[in-house]
Amino acid sequence: MKLCNVGSAMSYDGDWLSIALNYSNLLICTISMALVLRNAEQVSANYPTLARNFYIPFIIIMVFLQILGDCLMGDAGVSAIWAAQAGFLSVGYLVLNEHFDNFLAKASFYVSIVCSLSLLAYFAINDLALTTIAHLWAFSFGGLCASLHRRFFGIAQSYEAVL
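Residues numbered from 1 in each chain as written. Predicted model: local features only at pLDDT ≥ 70, side-chain atom pairs only at ≥ 80, totals over all residues. Heavy atoms only, no water.

Q: So what's going on with the overall build of the chain? Which residues, and what values?
A: In terms of regular secondary structure, the chain is built from 9 helices and 0 strands. Counting from the amino terminus, helix and strand elements in the chain follow one another as α-α-α-α-α-α-α-α-α. Whereas a compact globule of 163 residues would reach a radius of gyration of roughly 15 Å, the chain reaches 16 Å, a difference of no more than 12%. Residues classed as buried in the chain amount to 40% of the 163 residues present. Looking at the chain alone, contacts between residues at least 24 apart form 75% of all its contacts between residues at least 6 apart. With an accessible surface of roughly 8800 Å², the chain has 71% of that area assigned to carbon and sulfur atoms. Looking at charge distribution, the chain has the averaged site of its 6 positive side-chain charges lying 10 Å from that of its 9 negative ones. (Helix = DSSP H or I, 4+ residues; strand = E, 2+ residues; numbered from the N terminus. Rg over C-alpha atoms; globule rule 2.2 N^0.38 Å. Buried < 20%, exposed > 50% of the residue type's maximum accessible area, 1.4 Å probe, protein only. Contact = heavy atoms within 4.5 Å. Areas by Shrake-Rupley, 256 points an atom, 1.4 Å probe, with all protein chains shown as cover. Lys, Arg positive; Asp, Glu negative; His and termini not counted. Charge placed at Lys NZ, Arg CZ, Asp CG, Glu CD.)

Q: Can you explain a nonpolar patch on the surface? Please cite residues and give values.
A: On the surface, a nonpolar cluster with roughly 770 Å² of combined accessible area is contributed by Phe64, Leu68, Leu72, Met73, Leu128, Leu130 and Ile133. Counting only elements with at least two residues in the nonpolar patch, the list comes to helix 5 (55-73) and helix 8 (129-152). Examining the composition of the nonpolar patch, we find that 4 residues originate from one element, helix 5, more than from any other. Inspection of the secondary structure assignment puts leucine 130 in helix 8. (Patch = residues over 30% accessible without salt bridge, like charges linked within 9 Å, V, L, I, M, F, W, Y side chains within 5 Å. Salt bridge = Lys/Arg side-chain N within 4 Å of Asp/Glu carboxyl O.)

Q: Got a sec to walk through the packing of aromatic side chains? Specific residues and values, please.
A: Counted under the stated rule, the structure contains 13 aromatic pairs. For the ring pair phenylalanine 54 and phenylalanine 58, a centre distance of 5.9 Å and an interplane angle of 35 degrees mean the geometry is tilted. The pair phenylalanine 54 / phenylalanine 58 is uniform in exposure class, with both members buried. These aromatic residues form a ring-pair network of at least three members: Tyr47, Phe54, Phe58, Phe88, Phe152 and Phe153. (Phe/Tyr/Trp six-rings, centres within 6.5 Å; stacked < 30°, edge-to-face > 60°.)

See below:
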């Protein structure tokens, strides 16, 4: 059994274009998640500090899943991490609308979604179908996490408060 070279997998085997595209988008999506969740502790009924800092354990879990996937499939990259973040932000825009209450949160959301969708299209055209499937899985997982974030942390929707 061949051991996985994690360093090589996380550095795209030295492909500078892939490194630049993926790590730039990872940074953009991480900043967006931090800005969007910045006020989560103010609208959370449960574990407010964790609600605000949820992006940290989320990224740690996604890094673990990315490395696991890279090693099992013999692939390389960090794109599942930003794809999951984009899924979290997309679904979050629908179910966590209280978090998108300021200009920076909304602007960072739009930038991250445009960049992520552009990269998803780029990789769908230029990479293997397996990569697209992995991106769609990660995007869906991120969306599920956004929905669970709302439920776990007890964040009431504005329309629920009226009912």
